[in-house]
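One letter stands for each residue in the lines below.
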Amino acid sequence: MLLAGPVGWLVIAYLGSLAILFLNAFWTRDPFTGLVIRQPTIDNFVEVATNPLYRTVTLRTVGMAIAVTLTCMVLAFPIAYYMARVASPRVRGLMVVAIVMPLWASYLVKAYSWRLILSEDGVLNWFLAPLGLRGPGLGEGMIGLWMVFTYLWLPYMILPIYAGLERIPSSLLEASADLGGRGFTTFRRVIFPLVVPALVAGSIFTFSLTLGDYIAPGLVTTTQFIGTLILSRFGVPDLPLAAALSLVPLAIMVVYLLIARRLGAFEAL
Amino acid sequence: MGGRPGRVALRVATAAVLLFMYFPLALIVAYAFNESGTSAWPPSGLSLRWVDAALANSGLRQAFITSLAAAIGATVIALILGTLAAMAVARHRFFGREIISFVVIFPIALPGIVTGMALSTTFATTGVPLGLFAIIVGHATFCIVLVYNNAIARLRRTAASLEEASADLGADTWQTFRHITLPGIRSAMLAGALLAFALSFDEVIVTIFLAGGVQTLPIWIFQSFRLANQVALVNVAGLVAILLSVVPVYVASRLTRDTGPTGRT
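Residues numbered from 1 in each chain as written. Chains lettered and ligands numbered in written order. Predicted model: local features only at pLDDT ≥ 70, side-chain atom pairs only at ≥ 80, totals over all residues. Heavy atoms only, no water.

Let's talk about the overall build of chain B
A count of helical and extended segments in chain B gives twelve helices and zero strands. Helices and strands in chain B line up, N terminus first, as α-α-α-α-α-α-α-α-α-α-α-α. Across its three principal axes, chain B shows a C-alpha extent of roughly 70 × 65 × 30 Å. The proportion of buried residues among the 265 residues of chain B is 50%. (Helix = DSSP H or I, 4+ residues; strand = E, 2+ residues; numbered from the N terminus. Buried < 20%, exposed > 50% of the residue type's maximum accessible area, 1.4 Å probe, protein only.)

Written out as structure tokens, the structure is:
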């Protein structure tokens, strides 16, 4: 009884919508009138699977997601370790708030701030100029976008790693030290294996968010990614094709979630 | 990890990451009060020029009001449905209980562009006009999980025996909820609602697909990127957007200090 409301809502509004989107991928579009023809066909799937443009963009986006995920892990680990193992309880509490707040600050404004940073006469070039260097700028390059994504998703990686590290009993680290394990050995053989589920949990966010984003790429680079490509096909241009294309990030995420579940990431969320 | 040098390196790395996280936000504040309207660094001087211009801009004011309405509407729906689902999952055993906890995270775990396109296509198919109503419905679907997560975390830590005692003493379902359950989970519900408000207020990826011609504050900001005469106002609007999401989240984190607010996707 209690459930009828929320479940009905979710099933109808959400799962139903996904089904309708999926259904649309089987329709096609009249090349002359641009109207959607409701006759089941798998042309769109063939197009998505065989057109080299879509393959290139998919590989580029997945490559970006991997790069962003790895960078976030490297940046997140030290601060998460400091919070979980070094900081006093008071500092720890303050730092959790300090990590959570930027996570919630307007996504769009955060992405936009990087336009200010990366622009020709912006902050980054102002800092780099005395060194004779130049920032990646806002042109075709992907380094700028890599920085933006890393910035945007970093808190999503810090929080699960912090939670994972905090759960490791101190006795394990002491035992490792007693057995002669030095700092690095303890890290490699005790800490790292225990935080793998947390790393995977964080990577679910960094991966999914990178795959689904169409705004940040549009703001800082002219190169196409899955999100910008789907958007350019959505609506009048070709809804059925956009629907078929959107199954690419969806399929990648479903496979990713299944692997993540095997690795125990869901307990670390 | 490591001896003293290790500790020092760890502190430096921590400070550097915090700086990296806050620098872009500080930059928006600096530009909001910048004399010049360009992105040139350093700022040319302190001025309230763009704040005045933003206050005088009727499109911006309207967008702000629309965002408030959308966020309040979505929060109310999410609050009711999220609490009901949490109570059902925490207090009752039934078929498909495990699936519920999985389904509620769906709208937030899948890429936003997929959610946006799916909802937009469905509204078009069923004849629901795009606009404020569509935005509220869309936002509510992914805000439910925020209330749900907070409420269920609290319910799991409070014993069901109090509610059973209340029922034994002859209270009906509503009386038990009002006098026993609600006081226990009120602050968790409020925290969830604040998070839902913050998320709805600055959501843009899904909103663009649902808005039709309606402008929320983020959509106004997004469209202003391309309008040369409005781009200087973006920093002021951005500052408002940051404050209206960060302040509720700060309050929420004080309310649930023992559990901490759940991350959003």
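A word on the overall build of chain A
Looking only at helices and strands, chain A has twelve helices and two strands in total. Taking all 269 residues of chain A together, the buried fraction comes to 52%. Partitioning the intrachain contacts of chain A with sequence separation of at least 6 by distance along the chain shows that 70% fall at a separation of at least 24. Split by element, the accessible area of chain A, about 12,100 Å² in all, is 68% carbon and sulfur. (Contact = heavy atoms within 4.5 Å. Areas by Shrake-Rupley, 256 points an atom, 1.4 Å probe, with all protein chains shown as cover.)

Some points on the interface of chain B and chain A
Listed per partner, the contact involves 82 residues of chain B and 75 residues of chain A. Of the roughly 7,300 Å² buried between chain B and chain A on both sides combined, carbon and sulfur atoms contribute 82%. Where chain B meets chain A, there are zero salt bridges. On the surface where chain B and chain A come into contact, there are nine residue pairs in polar contact (both at pLDDT 80 or more). Considering each element in turn, the side of chain B that touches chain A owes the most residues, 16 residues, to helix α1 (residues 4-32) of chain B. (Buried area = accessible area lost by both parts, 1.4 Å probe. Salt bridge = Lys/Arg side-chain N within 4 Å of Asp/Glu carboxyl O. Polar contact = N/O pair within 3.5 Å; in protein donor to acceptor, adjacent residues only side chain to side chain.)

Here we look at the side chain of B:Thr14
Secondary-structure assignment places B:Thr14 in helix α1. Judged by relative accessible area, B:Thr14 falls into the buried class, the value being 4%. Sequence-distant contacts of B:Thr14, that is, excluding residues within four places in its chain, are made with A:Pro78, A:Ile79, A:Tyr82 and A:Met95.

So, the side chain of B:Asn235
Tracing the backbone through its elements, the reader meets B:Asn235 in helix α12 (residues 234-255). We classify B:Asn235 as buried; its relative accessible area is 5%. When residues no more than four places from it in sequence are discounted, the contact partners of B:Asn235 are A:Tyr112, A:Leu116, B:Ile28, B:Tyr31 and B:Ala32.

Here we look at the environment of B:Asp202
By secondary structure assignment, the location of B:Asp202 is in helix α9 (residues 173-202). Sequence separation between B:Asp202 and B:Leu132 is 70 residues; the distance between their C-alpha atoms is 14 Å. Among the polar contacts made by the side chain of B:Asp202, one reaches the main-chain amide nitrogen of A:Ser106 at a distance of 3.2 Å.

A look at the pattern of salt bridges
The tally for this structure, following the rule as stated, stands at two salt bridges over all chains. Between A:Glu166 and A:Arg92 there is a salt bridge, and its shortest N-O distance comes to 3.4 Å. Note that A:Glu166 is positioned in helix α7 (residues 143-166) and A:Arg92 in helix α4 (residues 89-104), a separation of 74 residues in sequence. Look at A:Glu166 and you get partly exposed, because its relative accessible area is 38%. For the salt bridge of B:Glu163 with B:Arg91, the shortest nitrogen-to-oxygen distance reads 2.8 Å. Taken together, the positions of B:Glu163 in helix α8 (residues 161-168) and B:Arg91 in helix α3 (residues 58-91) put the pair 72 residues apart, joining distant regions of the chain.

Let's talk about a nonpolar patch on the surface
Together, B:Leu243, B:Val247, B:Tyr250 and B:Val251 give the surface a local cluster of nonpolar side chains, amounting to about 330 Å² of exposed area. Along the polypeptide, B:Leu243 turns up in helix α12. (Patch = residues over 30% accessible without salt bridge, like charges linked within 9 Å, V, L, I, M, F, W, Y side chains within 5 Å.)

Focus: the packing of aromatic side chains
Residues and elements named next belong to chain A. In this structure the tally under the stated criterion is 18 aromatic pairs over all chains. Residues Phe-26 and Phe-45 carry aromatic rings whose centres are separated by 5.0 Å and whose planes lie at 55 degrees to one another, so their mutual orientation is tilted. Within this pair, whereas Phe-26 is found in the loop between α1 (4-24) and β1 (28-29), its partner Phe-45 is found in helix α2 (residues 43-50), the two being separated by 19 residues in sequence. Take Phe-26: its relative accessible area is 25%, and that puts it in the partly exposed class. Its relative accessible area of 24% is what places Phe-45 among the partly exposed residues. Each ring, one from Phe-207 and one from Tyr-256, has its centre 4.4 Å from the other, and the planes form 20 degrees; the classification is stacked. Here Tyr-256 lies in helix α12 (residues 239-262) and Phe-207 lies in helix α9 (residues 183-212), a separation of 49 residues in the sequence. The buried category is assigned to Phe-207, whose relative accessible area is 7%. Site record: aromatic cluster; members linked through ring pairs are Tyr-107, Phe-149, Trp-153, Tyr-156 and Phe-205. (Phe/Tyr/Trp six-rings, centres within 6.5 Å; stacked < 30°, edge-to-face > 60°.)

Section: the environment of A:Leu131
Here A:Leu131 lies in the loop between α6 (123-128) and α7. Separated by 117 residues in sequence, A:Leu131 and A:Val248 have C-alpha atoms that sit 43 Å apart.

Section: the nonpolar core
Core analysis: the largest hydrophobic core is formed by 169 residues, its most contacted members being A:Trp104, A:Tyr107, A:Ile158, A:Leu165, A:Ile215 and B:Ile221. With 15 residues, the single largest contributor to this core is helix α3 (residues 52-86) of chain A. With residues up to four places along the chain from it excluded, the contact list for A:Ile158 reads A:Ala76, A:Ile79, A:Ala80, A:Met83, A:Ile99, B:Val17 and B:Met21. (Core = buried A, V, L, I, M, F, W, Y, C linked by side-chain atoms within 4.5 Å.)

Overview of the environment of A:Ser176
Residues and elements named next belong to chain A. On the secondary structure map, Ser-176 appears in helix α8 (residues 170-178). For Ser-176, a relative accessible area of 10% puts it in the buried group. Taking the C-alpha atoms as reference points, Ser-176 and Val-190, separated by 14 residues in sequence, lie 7.6 Å from one another. Those residues within four positions of Ser-176 in sequence are excluded, and the remaining contacts are Gly-181, Thr-186 and Val-190.

Quick look at the layout of surface pockets
All names here are of chain B. Taken as a whole, the second largest pocket holds about 400 Å³ of empty space. As for the second largest pocket, its lining consists of 16 residues, and the residues nearest its centre are Met-87, His-92, Glu-163, Thr-173 and Thr-176. Ranked by residues supplied to the lining of the second largest pocket, first place goes to α9 with five residues. For the lining of the second largest pocket, the class distribution of residues is eight nonpolar, four polar and four charged. (1 Å grid on protein atoms, 1.4 Å probe; cavity = no way out; pocket = protein on both sides within 12 Å on 5 of 7 lines; lining within 4 Å. Points joined across faces, edges and corners; volume = space filled by probe spheres on them. Nonpolar A, V, L, I, M, F, W, Y, C, P; charged D, E, K, R; others polar.)

Here's the deal with the packing of helix α11 (residues 226-233) of chain A against α12(A)
All names here are of chain A. Interhelical geometry of α11 versus α12 gives an angle of 160 degrees and a closest axis separation of 8 Å. In terms of orientation, α11 and α12 fall into the roughly antiparallel class. Relative to α12, α11 is oriented so that their crossing is left-handed. Mapping the contact onto sequence places Ile-226, Leu-229, Ile-230 and Arg-233 in α11 and Leu-239, Leu-241, Ala-242, Leu-245, Ser-246, Val-248 and Pro-249 in α12. (Axes fitted to C-alpha atoms, helices over the stretch in contact; angles between N-to-C directions. Parallel < 35°, antiparallel > 145°, perpendicular 65-115°, else oblique. Left-handed = near helix turned anticlockwise from the far one by under 90°.)

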